[in-house]
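Listed here are the chains, written in short residue letters.
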Amino acid sequence: MYLRAMSKLCWHGKPNDNQSIRTVLNNVTLGSTAEYDLPAQLSYKTNKIKTTKYSIITFLPKNLFEQFHRLANVYFIFIALLNWIPQVKAFQPEVSLIPVVAVLTVTALKDGFEDYRRYKQDKKVNHSQCLVFKTSKDDYEPTECFRVRVGDMVKVKCNQVIPADLLLLACSEDLDTCFIETANLDGESNLKQRSAVSLSSTSEFTPHSPVRVECEPPNSELNKFKGSVVTSEGQRKGISKENLLLRGCLLRNTDYIEGMVIYAGHDTKAMKNSSGPRHKISRLESLMNRDVIWCLVILLFLCFFSAIGSGVWLSEHWDTPDAVPYIPFEDGVRNESNPALEGFLRFWTFIIIYQVMIPLSLYATLEIVKSCQVYFIHNDREMYFAEKGITPVCRALNITEDLGQVQHIFSDKTGTLTENKMVFKSCCIGRMLFMEAARSKSANTTDEETHMVIDPMFADAHDTSVLTAVANNYSDVQLSSEAKSEVSEFLVLLATCNTVVVSSHSHNLRDSVATNLDNGSMDSLDTTQTTVTHNGVVTQQTPLEENGNTSFASSNTLNVPVTTFTPVKTAFRKLAERIRRSFAGDDDSNISLNSMNLGDMSMLSQRTLTSRYEAESPDELALVKAVCKYGCRLLSRSSESVSVYLPLEGTLSYKVLAMLPFDSVRKCMSVVMRRENSQEIVVYTKGADNVIFDKIKSDEQNQQLVKQARIHVNHFAKDGLRTLCMAKKLLTEAEFTNWYERFNTCSMYNQEEEQFMLCNELENDLELLGATGIEDRLQDGVSESIKDLEVAGIKVWVLTGDKQETAINIGYSCGLLPQDAAILTLNVPNADEVQSVINGHLEGTSTRRHRRTPSTMSTASTQNVRKCLVVDGKTLGHIFSSNLGKTFLKLADECLSVLCCRTTPSQKAEIVELVKSRNKKLTLSIGDGANDVNMIRTANVGIGIEGVEGKQASMAADFSIGRFKHLVRLLFVHGHWSYDRLAVMTLYNFFKNSNLIFVLFWYQIYCMFSGQSHIDQMYLITFALLFTSLPPIIVGILDQDLPENVLMSNPNLYKQGPMNQLYHRYSYWLHIIDSLYQSLVIFFISYAHFVNSDVGIWSFGTIQTATILVSQLIILGFDTRMWHWIYIGSNVASVLAFMLFATCIGIFCYTCSDPSNPYGVTQYVASIASSWILVFITVLIAVLPRMVCIVMANSLYPTDVIHTRSLLKKPRLDIRIQSI
């Protein structure tokens, strides 16, 4: 009865995936589909994957349909079809099809090959095996993945791939938690913990358990999932992403899991996020498309002019039939026609003749060249990051030239400029300050013994090793019991308020151990007892069994667990020896607190913590490792409980009541737990200082703590440390129950908004515990890179979520903020004052020089001083909401660099969009984390760094690199060369095509605009395809205006791209004018030479074709800077190809080229001595003006590149140019 009622409740309504709620039931308990009417569940997509676009039947029509979406292909197909109309045809119809058919065939073969590879991959995935529960056998049976349906019960074993999106219902672990690796989805290799949903409080889960799930319809949000499950008792329980296993993830460190399929096949979140290669249009390509339109305008003008000329001439001679020899009419046709109609028909004839004015070959050439440029980027050994084995990757194949035109760079800080390897350095707890290597004031401590210089105002700072002494209750620590209690509470918060996963064994370490075992390089592990001393007292270490793990513990020392891998206990003797030596010391000497180094506090925290703890955030991992050093160790974590070990108190267990994860709006996270020993309910919160301070109680005691903590936090920030503040709150049972009921029963439609408000409600009236300072060092080469970028004329913006003082300190360290620059700050709390402050900075009346000491403050005008701008996130919010973007950009343009702090991910994207749209600047964004994805996607060029936070940024970016310093080479070398090559090649293609068309146009004057061509149709069809295509491709791939070492050592040479020196708005017309001049020379010199001779029309045209070819190759030679053997060979091959082709058609084409007749023409032209001289003289006169202009421009107005090239030709000259 329960199942029948449930099914009727579920399936009323329209069954489709567009419903606001998807309802799924367990297929095992539903019985046959005939008994239960389940049209909705049966209509959900199966788990079959199909990424192919074609089948054998649909390949040809569908592929042609897709190719005809390209306007260039449509244009040339239209031209080819025109040529089949007898009244307008200019060439043989079959001949006119050769170029477009060749392009369509090559593209179809490429698409077919790629689709076949996708088909094989789909077949492999669909036919892979997974375990699905079968009612017929009452057990899990191997089943092909494509047969899995929504509602099926699936079992997945360790190291297997999740076959569909599963709701986790049971797992092998006692705490009903499992670990997954999501590298296939977001690139993050660290483990993530997922929790099983409890369906009943009285019985365990079985595949026969009735399950009803109501959730959101399929979507692409990987990090969001909303829904609820109805338990067997009829209660509704909320479910989230913590209960969902996504398709493509790997199950790790868990023997098996059982789950129900919620989304299958193309409804899974992984498939919803799958997309093809990115397609962006570069700035140069945009200019090219604009100039293609001008080519079309010129084409239409020439056709209209020629058609009008034909109509006018015919109208003057229409009544004299013998005067119209060029247009033969069939019997009776002349009487049915008229000059206007004939002019109209000739218009379409001229469209066919002048068709190559639109450069079809240019698009194919660009694809070839860009593919080769991407190959060079991928294989640049100078950009290989050996430490992690990262090579540069290009995911957007058509914007390589944009790398050479970047004007603004927007960079994240953490993980992009810094290592993102967090090291705990300082903290404040209550009124106490703890700093690494600082010495507490005591009688036996001298100034000489202090490891680091401490600001006089912090002379009372304790060394961080005191934290260990407090945790272990050492007698020589002079702290009150209240202070010790605060320290213990602070350490527990750091250990529990996080998302760190405690794995029984690391998936990375396990793989490496397995490899070593195979090599026979490790011996057995011996758990012999060890000793450690404190103040000369020897303490016995005994094995402590916890959750199957062996660990060493004592009442007054650190808890140091050593993981064992049953049943291979006998495999690690050497490892145990190293651990004991690291812990006890090789010489068994006494270890006292004052002599103990931080690295010696816990040998395991340094050697194996990385394999024990898995964290999504490096900050969290650093804090958990730090408290482990000081004696507070996180032992286990599940969705329902957390265990922490303190040497003084032993193992402390907490029941997790609620977890409020971090988000970029709240800027904090919280965990609500019940202490099992006291049954108290405590809320632990950590987050940004500006957020936490506003949530602290307003009583005098807490506000005094806030005042003192602000001083400490600002000191941390000025030292360049990342800061976090910690607070807590005690709740009564009634308060928590009331809040949790509201939190757990939020409407599915407004769940995020309602839960956000409830989170803020809970995270209020807190008690401040303290703050931490974490060091994140700069990457090597960052300072030099930023300096080179500024010399190159690129404005660098750093967008970070850090505190302003931290950001400024890093700005000075990395060279973003020069020491002699005036710092303009925008830190305005009120929206009404923002505009006046910006205007004040613009007028130079509100500037102040920011120094490291207050004595250097100045309010003097800094009009003649370099300026840098620092703005905080709150002020940015006011700027965007008050529509002050234009004024803000005006101020930013006057500054050398801009530093934005406390920014959210959405603000980063808004800043990039503002500069890109308002200033029309070519922008580049670079980051390493998921919070940088919006910024990366908004910019013209997105760069991702594969760092500690995974690959989400690199997967969303157009290019990915390993280090920030590699960006300089990517721009200065590959970007510079790509822009230079493509600009030269594109303009040359416009020149050569228009040059040929203009020669054809001049001939129409002498054939009464009849549409007759003096150049053989075979030459016209194959000229751009065979004779002049290879040399520009070689130039586009291999040409170098300057060597890479010169480009790297002289950043100012990069300015050529951003200033559009090679391809500006007039470049196209200059090349068109030159092609027009050369066409006049080529046609009329030949015409003047043969005007009274008996040379035929086809001989005349062949000579002009040879002249055009030679002159165009010479013009390309003027633009080529690197004459290597490949380029020279391509030119020779082009000339030889023309000669061979001309000879062949002259011998074999007797009647194959009607109405032209090339038979014997080549042999005849070659036998005329004057034709060779004519070609030489004509080419010389045609190219001479271009050569003169190039020499004069390079001599009188040389660019930086030209000047550097001239200097390189001088012997023994240092190529490092300080100022050009």
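Residues numbered from 1 in each chain as written. Predicted model: local features only at pLDDT ≥ 70, side-chain atom pairs only at ≥ 80, totals over all residues. Heavy atoms only, no water.

> Run through helix α39 (residues 1125-1148), naming residues and quoting values.
Taking 1.5 Å as the rise per residue, α39 with 24 residues should run 34 Å; its terminal C-alpha atoms sit 33 Å apart, in good agreement. Among the residues of α39, those classed as buried are Tyr1127, Ser1130, Asn1131, Ser1134, Phe1138, Phe1141, Ala1142, Ile1145 and Gly1146. Where α39 is buried, its residues contact α34 (1017-1027), α35 (1030-1038), α38 (1097-1119) and α40 (1161-1167). (Helix = DSSP H or I, 4+ residues; strand = E, 2+ residues; numbered from the N terminus. Expected span 1.5 Å × (residues − 1). Buried < 20%, exposed > 50% of the residue type's maximum accessible area, 1.4 Å probe, protein only. Contact = heavy atoms within 4.5 Å.)

> Outline a negative patch on the surface, listing residues and values.
A contiguous patch of negative charge on the surface is contributed by Asp174, Asp176, Glu204 and Glu640. Mapped onto the secondary structure, Glu204 falls in the loop between β7 (191-195) and β8 (212-215). Of the residues examined, Glu204 reaches a relative accessible area of 72% and is grouped as exposed. (Patch = residues over 30% accessible without salt bridge, like charges linked within 9 Å, V, L, I, M, F, W, Y side chains within 5 Å. Areas by Shrake-Rupley, 256 points an atom, 1.4 Å probe, with all protein chains shown as cover. Salt bridge = Lys/Arg side-chain N within 4 Å of Asp/Glu carboxyl O. Lys, Arg positive; Asp, Glu negative; His and termini not counted. Charge placed at Lys NZ, Arg CZ, Asp CG, Glu CD.)

> An account of the packing of aromatic side chains is needed here, citing residue identities and associated values.
Applying the stated criterion across every chain, the model contains 40 aromatic pairs. Plain terms: the ring middles of Phe301 and Phe305 are 6.1 Å apart, the flat faces sit at 35° to each other, and that makes the pair tilted. With a gap of 4 residues between them, Phe301 and Phe305 both fall in helix α10 (residues 283-317), about one helical turn apart. Since its relative accessible area comes to 53%, Phe301 is described here as exposed. Taking the ring centre of Tyr256 as reference, the NZ or CZ of Lys155 above it sits at 4.6 Å. Positioned over the ring face of Phe991 is Arg1186, at 5.4 Å from the centre of the ring. (Phe/Tyr/Trp six-rings, centres within 6.5 Å; stacked < 30°, edge-to-face > 60°. Lys NZ or Arg CZ within 6 Å of the ring centre and 35° of its normal.)

> Requested: an account of the packing of helix α33 (residues 966-1006) against helix α37 (residues 1067-1090), with residues and values cited.
Close contact between α33 and α37 brings their axes to 8 Å; oriented N to C, the two are set at 40°. With respect to each other, α33 and α37 are oriented oblique. Like other packed secondary-structure pairs, α33 and α37 cross with a definite hand, here right-handed. (Axes fitted to C-alpha atoms, helices over the stretch in contact; angles between N-to-C directions. Parallel < 35°, antiparallel > 145°, perpendicular 65-115°, else oblique. Left-handed = near helix turned anticlockwise from the far one by under 90°.)

> Would you mind going over the pairing of strand β6 (residues 177-181) in detail, with residue names and values included?
Burial within β6 is extensive, with 5 of its 5 residues counted as buried. Residues of β6 alternate between two faces, with Thr177, Phe179 and Glu181 on one and Cys178 and Ile180 on the opposite face, all of them buried. Both β6 and β7 contribute to a ladder of 5 bridges, which runs antiparallel. Along β7, the bridge assignment pairs Cys178 with Arg194. Here β6 pairs with strand β12 (residues 250-252) via 3 bridges, running antiparallel. Bridging from a neighbouring strand, Ile180 pairs with Leu251 of β12. (Pairing = 2+ DSSP bridges.)

> If you had to explain the pattern of salt bridges to someone new, which residues and values would you point to?
Per the stated rule, a full pass over the model turns up 43 salt bridges. Of the charged contacts, one joins Asp115 and Arg118 as a salt bridge, the two residues approaching to 2.9 Å between their closest N and O atoms. Taken together, the positions of Asp115 and Arg118, both in helix α7 (residues 98-126) and 3 residues apart, correspond to about one turn of that helix. Note on Asp115: relative accessible area 6%, which makes it buried.

> How would you summarise a nonpolar patch on the surface if you had to cite specific residues and measurements?
Residues Leu1184, Met1187, Val1188, Val1191, Met1192, Leu1196 and Tyr1197 make up a contiguous nonpolar surface patch of roughly 700 Å² in combined accessible area. Secondary-structure assignment places Tyr1197 in the loop between α41 (1169-1196) and α42 (1200-1208). Residue Tyr1197 is classed as exposed on the basis of its relative accessible area of 68%.

> Describe the sheet that holds strand β1 (residues 22-25), naming the residues involved and giving the relevant values.
Taken together, the 4 strands give an open sheet; going across it, the order is β1-β8-β9-β10, and neighbouring strands pair in antiparallel fashion. Unpaired on one side and paired on the other, β1 and β10 (236-239) mark the two borders of the sheet. On average, each strand axis in the sheet is tilted by 25° relative to the strand beside it, whichever way the strands run. Across 4 bridges, the pairing between strand β9 (residues 227-230) and β10 is antiparallel. Considered in β10, the bridge of Val230 is made with Arg236.

> Could you give me a rundown of unusual backbone geometry, with the residues and numbers involved?
One non-glycine residue, Asn883, lies in the positive phi region at around 60°. Structurally, the position occupied by Asn883 is in the loop between α28 (873-881) and α29 (885-893). Looking at Asn883, the relative accessible area reads 59%, which means it is exposed. Backbone geometry at Phe1009 places phi at a positive 55°, although glycine is not the residue there. By the element assignment, Phe1009 lies in the loop between α33 and α34.

> Account for helix α20 (residues 618-629), with residues named and values stated.
Over its 12 residues, α20 extends 16 Å from the first C-alpha to the last, a length consistent with the 16 Å expected when each residue adds 1.5 Å. Of all 12 residues in α20, 10 are buried, a share of seventy percent or more. Burial in α20 covers these residues: Pro618, Asp619, Glu620, Ala622, Leu623, Val624, Ala626, Val627, Cys628 and Lys629. The first or second residue beyond α20 is Gly631, which carries a positive phi of 105°.

> Which residues make up the environment of Ser664, and what are the values?
If you trace the backbone, Ser664 turns up in the loop between β28 (650-660) and β29 (668-675). Residue class for Ser664 comes out partly exposed when judged on its relative accessible area of 32%. Remark: the alpha-carbon pair of Ser664 and Ser906, spanning 242 residues in sequence, is separated by 9.0 Å. Residues in contact with Ser664, not counting those within four places in the same chain, are Thr904 and Pro905.

> Mind laying out the sheet that holds β7, listing which residues take part and the relevant values?
In a beta sheet, neighbouring strands pair by backbone hydrogen bonds and run either parallel or antiparallel. Read from one edge of the open sheet, 3 strands run β7-β6-β12, paired in antiparallel fashion. With one partner strand each, in any of the chains shown, β7 and β12 form the two edges of the open sheet. Taking the axes of each pair of neighbouring strands and ignoring which way they run, one obtains an average angle of 45° across the sheet.

> Any chance you could break down the side chain of Ser1049 for me, citing the residues and the numbers?
Mapping Ser1049 onto the fold places it in helix α36 (residues 1044-1049). At 3.2 Å, the side chain of Ser1049 forms a polar contact with the backbone oxygen of Val1046. A polar atom in the side chain of Ser1049 sits 3.1 Å from the side chain of Asn1050. (Polar contact = N/O pair within 3.5 Å; in protein donor to acceptor, adjacent residues only side chain to side chain.)

> Describe in detail the pairing of β9, supporting the description with residues and values.
Successive residues of a regular strand alternate their side chains across the two faces of the sheet. Along β9, one buried face is formed by Gly227 and Val229 and the opposite face, lined by Ser228 and Val230, is buried too. Strand direction decides the pairing type here: β8 and β9, joined by 4 bridges, are antiparallel. Across the sheet, residue Arg212 finds its bridge partner in β9, namely Val230.

> Describe the packing of α28 against helix α30 (residues 905-918), and please don't skip the residues or the numbers.
Running from N to C, α28 and α30 cross one another at 50°; their axes reach a closest spacing of 11 Å. Taken together, α28 and α30 sit at an angle that is classed as oblique. Every pair of crossing elements has a handedness; the one defined by α28 and α30 is left-handed. Between α28 and α30, the residues in contact are Gly873, Leu876, Gly877 and Phe880 and Gln907, Glu910, Ile911 and Leu914, respectively.

That's the geometry; what it means functionally is another story.
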